[in-house]
Amino acid sequence: HAAFKDAFKHGWQGPVDLRLAYSWCGPPGARLLADVLPQCQVLRSLDVEKCILGFEGSAALAPALAKCTTLETLSTAECLIRSEGVQRLAMALQSCHALTSLDMSKNQMGSSGIDILASCLQQCPNLAHLKLGSNGLGEEGCTHIARHFQLPYYSAIVSLDLSNNDVGDRGA
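Note that the structure is a prediction, hence the values are computed from the model and not measured.

Trainee: Can you break down the environment of Cys40 residue by residue, with the values?
Mentor: Mapped onto the secondary structure, Cys40 falls in the loop between α2 (27-36) and β2 (43-47). Cys40 sits in the buried class, given a relative accessible area of 7%. Spatially, the C-alpha atoms of Cys40 and Lys67 are 10.0 Å apart, while their sequence positions differ by 27 residues.

What follows is the structure in structure tokens.
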């Protein structure tokens, strides 16, 4: 971990794409990442899929993500973030105005998590691709999405994945 931190010591000037999926597990990796992210002056994408962040890891990562105003792509799929962690990350993502793609699939966020996330993502005017599959959203969660994004009128969204969420008639 020290070597990774040293690599960012002097900051990176050009665009940075960090793919850490399947590599670091848990909150300790998230804390380390939160320490180095401020050194990336132009973070373009971050992939921490299956890093098992949980609430603790997402809470550690959120303040650093809020400073990543150039972030275009974020994947936190299968990180077991759940509703409480999604709320932390959602608040941070309000500052990521360049965000075009977000994958938060398989995080068990439920309808309460998606309500906060959908509300906060209104601050991301360039968001075009949103993956929320397998989150236990149900009809209520899909209703939250429709209310916040005013689908189909939210023009930036070109792909929305709500697969495996038990949408039901009312949610569709």
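Now that the structure has been shown, the text picks up again.
Trainee: Can you break down the nonpolar core residue by residue, with the values?
Mentor: A general tendency of soluble globular proteins is for nonpolar side chains to be buried together. Ranked by size, the top nonpolar core spans 46 residues in total, and within it Leu37, Leu46, Leu99, Leu102, Leu117 and Leu121 carry the most contacts. Contributing elements (two or more residues each) for this core: β1 (16-19), α2, β2, α3 (54-66), α4 (82-93), α5 (110-120) and α6 (138-149). Of all the elements, α4 adds the most residues to this core, at five residues. Residues in contact with Leu37, not counting those within four places in the same chain, are Leu18, Leu43, Leu46, Leu61, Ala64, Leu65 and Cys68.

Trainee: Hey, could you go over the pairing of β1 for me, with residue numbers and the actual values?
Mentor: Burial along β1 is one-sided: Val16 and Leu18 are buried, and none of Asp17 and Arg19, which face the opposite way, are. The pairing of β1 with β2 spans four bridges and is parallel. Along β2, the bridge assignment pairs Asp17 with Ser45.

Trainee: Residue-level account of the side chain of His144, with values.
Mentor: Within the element layout of this structure, His144 appears in helix α6. Classification of His144 by relative accessible area gives buried; the value is 11%. A distance of 3.5 Å separates a polar atom in the side chain of His144 from a polar atom in the side chain of Asp115. Contact partners of His144, with chain neighbours within four places excluded, come to Ser111, Ile114, Asp115 and Ala118.

Cut-offs applied
Every chain begins its residue count from 1, and numbering advances along the sequence as written. Where totals are concerned, whole chains, interfaces and linings use all residues; where local detail is concerned, this predicted model gives features only for residues with pLDDT of at least 70, and gives and counts side-chain atom pairs only at 80 or more. Hydrogen atoms and water are omitted, and side-chain values are computed over all heavy atoms in the structure. Only DSSP runs of H or I covering at least 4 residues are called helices, and only runs of E covering at least 2 are called strands; the numbering of each starts at the N terminus. Note on exposure labels: buried denotes an accessible area under 20% of the residue type's maximum, exposed denotes more than 50%, and partly exposed covers the range between, all computed with a 1.4 Å probe on protein chains only. To define a nonpolar core, start from buried Ala, Val, Leu, Ile, Met, Phe, Trp, Tyr and Cys residues and group those joined through side-chain atoms within 4.5 Å. Contacts are residue-level and defined by heavy atoms, with any inter-residue pair within 4.5 Å sufficient. Note on pairing: two strands pair once DSSP finds at least 2 bridges between them. Any pair of N or O atoms that falls within 3.5 Å is considered a polar contact. Within protein, one atom must be able to donate a hydrogen and the other to accept it, and sequence-neighbouring residues count only if both atoms are side-chain atoms.

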